[in-house]
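# Structural overview for review
Each chain, written out:
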Amino acid sequence: VERTLTELALYLDAELRGNKDRVITGCAELNNADINQLSFIYDKKYRPALIQTKAGVVILTSSYLDECPVDALIVENPYLAYAKAASLLSESQEGPVGIHPSVYIGENSSIPASCTVKANAVIADNVVLGENCTVGYSSVIESGCRIGADTVIMSKVTICHDVVIGRRVLIHPGAVIGGDGFGFARDGEHWVKIPQIGTVILGDDADVGANTTIDRGALGDTVVGNGVKIDNQVQIAHNVVIGNNTAIAACTGIAGSTKIGQNCTFAGGVGVVGHLTLVDGVHITGMTMVTNSISEPGVYSSGTPFQKNSDWLKNAVRFKQLNKLFRTINKK
Amino acid sequence: VERTLTELALYLDAELRGNKDRVITGCAELNNADINQLSFIYDKKYRPALIQTKAGVVILTSSYLDECPVDALIVENPYLAYAKAASLLSESQEGPVGIHPSVYIGENSSIPASCTVKANAVIADNVVLGENCTVGYSSVIESGCRIGADTVIMSKVTICHDVVIGRRVLIHPGAVIGGDGFGFARDGEHWVKIPQIGTVILGDDADVGANTTIDRGALGDTVVGNGVKIDNQVQIAHNVVIGNNTAIAACTGIAGSTKIGQNCTFAGGVGVVGHLTLVDGVHITGMTMVTNSISEPGVYSSGTPFQKNSDWLKNAVRFKQLNKLFRTINKK
Amino acid sequence: VERTLTELALYLDAELRGNKDRVITGCAELNNADINQLSFIYDKKYRPALIQTKAGVVILTSSYLDECPVDALIVENPYLAYAKAASLLSESQEGPVGIHPSVYIGENSSIPASCTVKANAVIADNVVLGENCTVGYSSVIESGCRIGADTVIMSKVTICHDVVIGRRVLIHPGAVIGGDGFGFARDGEHWVKIPQIGTVILGDDADVGANTTIDRGALGDTVVGNGVKIDNQVQIAHNVVIGNNTAIAACTGIAGSTKIGQNCTFAGGVGVVGHLTLVDGVHITGMTMVTNSISEPGVYSSGTPFQKNSDWLKNAVRFKQLNKLFRTINKK
């Protein structure tokens, strides 16, 4: 897509310095951008790259303006403005391409003409797609699913039966939404499966990463709020509830029936025990083990710092002697 | 499926209080159930919901009977009885639907007429399916696999070549059974792949979660026992052996050639080093790092408790000084 | 494939003791091998098995020769020699089988006649495959991908648009190469997606495990070097750069823009924070949390040792009191 600097300034509510008719066709990093490309700076470590940039235009705050050798779009939040500009410039101009002949479609499913369903996809019985949805190559949408307008399902996604997905949702390859939760009752030495009768309700504007799994509820539903962003290889267990605009980085696992507030962030590799409640505004650092409910907003952590293995071995063995040490010292 | 309270009481070996002809058609939580639904109570925290329930019948122990305002099925283990009742009520009444015309079937494969193979599945050469199996949409069963009767493979599963799967197994979407183990020999700076010649043997009544991976053996096989229940995104490396009725929660990884006993449980996010032996009846708490063999049954843990980040930072840095502290104190 | 001991000795540059015309058809462990099979010993714990082996031939160092009751191939590195011999013996004799009629092929894609593309695969527009490639059942190669010669893509892999893959690469089922990176800018309470405009460049001789995810770059590319071996369920975030011949075990996650050197090894379950630099020759033990750059080669670790839960609980609570303890002691 081509945009002039005037169009970009208007769209971003930015102040323009430079050639208002310059045409921009894409984005690149400061040190790689050419005269037809837009770039941005949001951190002073990129200052050397700014000074030498050959970009057509740079998005920046006024504090960098003097150092910018090319045209500039001046905003308060360059990172956000870049996100918006890059989206505008990468917008697809393709219209819907309809349903490929190789697609399997079950009975009573409703697929508007504005949708695109790519080769080898499966849309089972009683599925309802909203307007302008895309279903990628080889994805499977099982029976009874309802999917909101403008949602994009990439290649090779599995949406299990009766899952409800909002509008403008983006689901990446390999994600599985609505697999059975992990629920069993003990019968002597054997496990008896508890049928997972609930479903998953995924809110508007949610993103689900590649190979992420979100299990359906046992009784009642697993609920992911509006605007929730979930990275790759995240595991959301049955009956978890996640508040709006919470973001969860890769490899995090959240156990069953835990409730997470709004506007929380989870760094990568976090584990959260089941049946907890975390309030709004909780931020968990990477690889933290959350074993209790959290009633105050703030930043939480666990784990130990990494060291050379030879040092770590000496300290780690002491961990097992900690209680004894404290008892000895407290006696003194 | 419809069942009368008489039928349910008989099936569950339960004592019935109430209308023996009442018809139940499904299950719901105490606070959501209507007159046609069954519910259950197994923990006193649900007592307020019990007192107000509008369920058709509640499964409970006799201790809750006085507080139950509706019909009741009295048992010793309500959780287990609920699992059985819910399974009975959610049983599919559909017969087999045969092999969809879009399915690719290789040479010399045997698929009984009692099986269902859904659209876009692949069944390669020399595959043997038992009676009453289901293969879900877009699943791939590579050449030489043998799959026992009554096994259900959901959508988009991959069973690699020559894998052996038992009876009544349930495999969730995205699981990969029989991928190559991670085995390489060093040749100077380069890695030379060691062909993974073994396979995977998955016992009867095993469950495998969504996007879980179970690698084939290098030489000899990876063996998962009968009744083993594996959650989502679990990684089982080559030549691991898992004893009967062990349960493994999500995001756990077990490294190569480790042997795990029967009736063990692994909470989520556990890591187990390779070439270990864990006896029967070992229980590992969440995110524990198991670095040595375990010869006594019991509960094992590692890790540090989570705290506010500002407190954690102060304590974590002290971890690196632990050995020095102990040496200083021991000198005194 | 059949090979005589003479052929094997020549291929492995080994000294042969025994019947030079003996024919070997496969491999097995020392205690399972029969007269037609090759086995090997690389660790003294297998000595009892060696003494009783019925293998046709054993690969070993000269130090085991006296104890070997059967023919022997004497080498310096038996593990490496076994890897090479097993590869030779398991080489497929099948020629290419062409493109299955069920495969969807988009416009302007180039697939040499020496390639095999299996049933239900998708090859979208403008894809270029090298000579002798295999694309497995139900895999998806999106538009614009370029794939080098002799690369093998197993079943149910997703290669997203415009990804570049080298020669002799092996990609296991369920892997997703080139999904969007996890990049958002905050706009008040909402997240605005940052288009992920870069791609993934995967070097020659790389291996990618089952259900592993490698995200495309935000701006600029994610780059995986030559000979890099990646196990199952590994997550490589956007703009990560991995040096040649580095090996990464299962369940490891590497956050965005981190640069990893050559000849590094990561054990399972490691987490690496974003925007770090790790030099060549860094080795990280299992489940370590890497929170800072590493400028010296060596072995690094974090975490605490596992214990009986009852002991662990007492020690873990002391972790939260560490800083206070140090302050008290330092005052004395």
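Below or above, wherever it landed, is the structure these notes cover. (Residues numbered from 1 in each chain as written. Chains lettered and ligands numbered in written order. Predicted model: local features only at pLDDT ≥ 70, side-chain atom pairs only at ≥ 80, totals over all residues. Heavy atoms only, no water.)

## Digging into the overall build of chain A
Spelled out, the test is: Put simply, DSSP marks the helices as runs of H or I at least four residues long and the strands as runs of E at least two long, and each gets a number from the N terminus on. Should any heavy atoms of two residues lie within 4.5 Å, those residues are considered in contact. Throughout, the Shrake-Rupley method with a 1.4 Å probe supplies accessible areas, and for residues the shown protein chains are the sole cover considered. Only four residue types enter the charge count, namely Lys and Arg as positive and Asp and Glu as negative; His and the chain termini do not. Think of each charge as sitting on NZ of Lys, CZ of Arg, CG of Asp or CD of Glu.
The helix and strand tally for chain A stands at five helices and 39 strands. In terms of its C-alpha atoms, chain A occupies a principal-axis envelope of roughly 75 × 70 × 35 Å. Sequence separation of at least 24 residues holds for 17% of the intrachain contacts in chain A that already meet a minimum separation of 6. Of the roughly 12,900 Å² of accessible surface on chain A, 49% is carried by carbon and sulfur atoms. Across chain A, the centroid of the 27 positively charged side chains sits 15 Å from that of the 32 negatively charged ones.

## As for helix α1 (residues 5-12) of chain A
Residue and element names in this part refer to chain A. Selection criterion: Accessible area is worked out with a 1.4 Å probe on protein chains only. A residue is then buried under 20% of its type maximum, exposed over 50%, and partly exposed in between. As used here, the arc is the angular range of directions from the helix axis to the C-beta atoms.
Along α1, the residues classified as buried are L5, L8, A9 and L12. Seen along its axis, α1 keeps its buried residues to an arc of 100 degrees; they face one direction. In the segment just after α1, D13 is the residue with positive phi, at about 55 degrees.

## Observations regarding the interface of chain A and chain C
Many analyses report the size of an interface as the accessible area lost when the parts associate. For clarity, the cut-off: The buried area of a pairing is the accessible area, by a 1.4 Å probe, that goes missing from both parts when the two are put together, added over both. A carboxyl oxygen of Asp or Glu within 4 Å of a side-chain nitrogen of Lys or Arg is what we treat as a salt bridge. Any N or O atom pair separated by 3.5 Å or less is treated as a polar contact, with the protein-specific requirement of one donor-capable and one acceptor-capable atom, and with residues adjacent in sequence counted only for side-chain atom pairs. Classes in brief: Ala, Val, Leu, Ile, Met, Phe, Trp, Tyr, Cys and Pro nonpolar; Asp, Glu, Lys and Arg charged; the others, Gly included, polar. Should DSSP find at least two bridges between two strands, the strands are taken to pair.
Each partner contributes to the interface: chain A provides 65 residues, whereas chain C provides 72 residues. Counting each side, the surface lost to burial between chain A and chain C is near 5,600 Å², with a carbon and sulfur contribution of 64%. The largest per-residue losses of area from chain A upon contact with chain C belong to A:F306, A:F319 and A:F326, which jointly make up 13% of the total buried on that side. Taken together, the connections running from chain A to chain C amount to two salt bridges. Note that C:E296 is salt-bridged to A:K308, the shortest N-O span being 3.1 Å. The interface formed by chain A and chain C holds 25 residue pairs in polar contact (both at pLDDT 80 or more) in total. Looking at the side of chain A that touches chain C, the elements that each hand over two or more residues are α3 (78-90), β27 (229-230), β30 (247-248), β39 (307-308), α4 (309-319) and α5 (322-331) of chain A. Of the residues contributing to the side of chain A that touches chain C, the split by class is 30 nonpolar, 25 polar and 10 charged. Relative to strand β38 (residues 298-301) of chain C, β39(A) runs antiparallel, the two sharing two bridges. By the bridge assignment, A:Q307 is partnered in β38(C) with C:S301.

## Regarding the interface of chain B and chain C
Listed per partner, the contact involves 72 residues of chain B and 65 residues of chain C. Both sides together, the interface formed by chain B and chain C hides about 5,600 Å², and carbon and sulfur atoms give 63% of it. Counting every contact that joins chain B to chain C gives two salt bridges. When the shortest N-O distance is used, the salt bridge between B:D187 and C:K84 registers 3.6 Å. Mapped by element, the contributors of at least two residues to the side of chain B that touches chain C are β21 (184-187), β22 (190-193), β25 (213-215), β37 (289-290), β38 (298-301), α4 (309-319) and α5 (322-331) of chain B. Each residue belonging to the side of chain B that touches chain C can be placed in one class, and the counts come to 32 nonpolar, 28 polar and 12 charged.

## A word on the sheet that holds strand β24 (residues 207-208) of chain C
Read across the sheet, 12 strands follow the order β39(A)-β38(C)-β36(C)-β33(C)-β30(C)-β27(C)-β24(C)-β19(C)-β16(C)-β13(C)-β10(C)-β8(C) without closing on themselves; strand pairing throughout is mixed. If you trace the sheet from one side to the other, it starts and ends with β39 of chain A together with β8 (98-99) of chain C, each paired once.

## Things to note about the sheet that holds strand β9 (residues 104-105) of chain B
Residues and elements named next belong to chain B. Overall, parallel pairing links the 10 strands, which are arranged β9-β11-β14-β17-β20-β25-β28-β31-β34-β37 in an open sheet. Because the sheet does not close on itself, it has two edges, and the strands there are β9 and β37. Judged from the two bridges that link them, strand β28 (residues 235-236) and strand β31 (residues 253-254) form a sheet pairing that is parallel. Bridging across to β31, I236 finds its partner in I254.

## Looking at the side chain of C:N120
Among the secondary structure elements, C:N120 is positioned in the loop between β10 (116-117) and β11 (122-123). Judged by relative accessible area, which is 5%, C:N120 ranks as buried. Filtering out sequence-adjacent residues up to four positions away, C:N120 remains in contact with A:N120, B:S102, B:N120, B:A121, B:V122, C:S102, C:V103, C:S138 and C:S139.

## Remarks on the relation of the copies chain B and chain C
Condition: Copy-to-copy superposition: least squares on the C-alpha atoms, limited to residues that have pLDDT of at least 70 in both copies.
The transform that puts chain B on chain C rotates by 120 degrees and translates by 0.0 Å along the axis, for an RMSD of 0.1 Å. The transformation relating the two chain copies, once decomposed into turn and shift, fits a three-fold axis.

## Quick notes on the packing of α5(B) against helix α5 (residues 322-331) of chain C
Spelled out, the test is: Convention adopted: a line fitted to C-alpha atoms gives each axis, helices being fitted over their contacting stretch, and angles between N-to-C directions are expressed from 0 to 180 degrees. For classification, angles of less than 35 degrees are called roughly parallel, those exceeding 145 degrees roughly antiparallel, those between 65 and 115 degrees roughly perpendicular, and all remaining angles oblique. Working rule for handedness: look at the near helix, and if it is turned counterclockwise from the far one by less than a right angle, call the crossing left-handed; if clockwise, right-handed.
The interhelical angle for the contact between α5(B) and α5(C), taken along N-to-C directions, is 40 degrees, at an axis separation of 12 Å. In terms of axis orientation, α5(B) runs oblique to α5(C). Crossing of α5(B) against α5(C): the hand is left-handed. Only C:L322, C:L325, C:F326 and C:I329 of α5(C) make contact with α5(B), whose side of the interface consists of B:L322, B:L325 and B:I329. In terms of residue class, the contact of α5(B) with α5(C) is made up of seven nonpolar, no polar and no charged.

## As for the pattern of salt bridges
All names here are of chain A. Following the criterion strictly, the structure yields 27 salt bridges over all chains and no others. Of the charged contacts in the structure, one is a salt bridge between R47 and E67, with a shortest N-O distance of 2.9 Å. Taken as a pair, R47 in helix α2 (residues 47-52) and E67 in the loop between β6 (57-60) and β7 (71-74) lie far apart in primary sequence, 20 residues in all. Exposure remark for R47: the relative accessible area of 30% places this residue in the partly exposed category.

## As for unusual backbone geometry
Unusually for a residue other than glycine, A:S257 sits at a positive phi of about 70 degrees. Relative to the assigned elements, A:S257 resides in the loop between β31 (253-254) and β32 (259-260). For A:S257, a relative accessible area of 26% corresponds to the partly exposed category. Although it is not a glycine, B:N126 adopts a positive phi angle of roughly 60 degrees.

## Description of the pairing of strand β5 (residues 37-40) of chain A
Consecutive side chains along a regular strand alternate between the two faces of the sheet. Residue and element names in this part refer to chain A. For clarity, the cut-off: A right-handed crossover is one whose linking path, passing over the helix from the first strand to the second, runs clockwise when the strands point away from the viewer.
Of the two faces of β5, the one carrying Q37 and S39 and the one carrying L38 and F40 are both buried. Relative to β5, strand β4 (residues 26-27) runs parallel, the two sharing two bridges. Residue pairing in the sheet places G26 in a bridge with Q37 of β5. As paired elements, β5 and β6 share three bridges and run parallel to each other. Directly across from S39, in β6, lies its bridge partner V58. Note on the crossover from β5 through α2 to β6: the handedness is right-handed.

## Topic: the side chain of A:K156
Here A:K156 lies in the loop between β16 (152-153) and β17 (158-159). Buried charge A:K156 goes without a salt bridge, the closest partner of opposite sign being C:E142 at 9.3 Å. One polar contact links the side chain of A:K156 to the main-chain carbonyl oxygen of C:S138, over a distance of 2.4 Å. Once residues within four sequence positions are removed from consideration, A:K156 is found in contact with A:Y137, A:S138, A:S139, A:P173, A:G174, B:K156, C:S138, C:S139, C:V140, C:K156, C:V157 and C:T158.

## Re the environment of B:L30
Secondary-structure assignment places B:L30 in the loop between β4 (26-27) and β5 (37-40). Sequence-distant contacts of B:L30, that is, excluding residues within four places in its chain, are made with B:S39, B:F40, B:I41, B:Y46, B:A49, B:L50, B:T53, B:K54 and B:V58.

## Thoughts on the pairing of strand β6 (residues 57-60) of chain C
All names here are of chain C. Of the two faces of β6, the one carrying V57 and I59 and the one carrying V58 and L60 are both buried. Two elements, β6 and strand β7 (residues 71-74), share four bridges in a ladder whose sense is parallel. By the bridge assignment for β7, L60 is matched with I74.

## Brief notes about the state of the cysteines
The condition that has to hold: Cysteine sulfur atoms are paired as a disulfide whenever they fall within 2.5 Å.
Throughout the structure, instances matching the rule amount to zero disulfides over all chains. This cysteine, A:C27, is not joined by any disulfide, and A:C68 carries the nearest cysteine sulfur, 15 Å off. Of all cysteine sulfurs in the structure, the one in C:C160 sits closest to C:C145, which takes part in no disulfide; the separation is 7.7 Å.

## Quick notes on the packing of aromatic side chains
Defined as follows: Each Phe, Tyr or Trp ring, with Trp reduced to its six-membered ring, pairs with another whose centre is within 6.5 Å; inter-plane angles below 30 degrees give stacked pairs, above 60 give edge-to-face pairs, and intermediate values give tilted ones. A positively charged side chain is recorded as over a ring if its NZ (Lys) or CZ (Arg) lies within 6 Å of the ring centre. The angle to the ring normal must also be within 35 degrees.
Throughout the structure, instances matching the rule amount to 24 aromatic pairs over all chains. On the basis of an interplanar angle of 45 degrees and a centroid distance of 6.2 Å, the ring pair of B:F40 and B:Y79 is categorised as tilted. Here B:Y79 lies in helix α3 (residues 78-90) and B:F40 lies in strand β5, a separation of 39 residues in the sequence. Given a relative accessible area of 29%, B:Y79 falls into the partly exposed group. For the pair B:F40 and B:Y82, a centre-to-centre distance of 4.1 Å together with 5 degrees between the ring planes defines the contact as stacked. Here B:Y82 lies in helix α3 and B:F40 lies in strand β5, a separation of 42 residues in the sequence. Residue class for B:F40 comes out buried when judged on its relative accessible area of 13%. Through a chain of ring-to-ring contacts, the aromatic side chains of A:F40, A:Y42, A:Y46, A:Y79 and A:Y82 assemble into a single cluster. Taking NZ or CZ as reference, A:K118 lies 5.2 Å from the ring centre of A:Y137, over its face. Geometry around A:W191 places A:R186 over its ring, the cationic atom sitting 4.2 Å from the centre.

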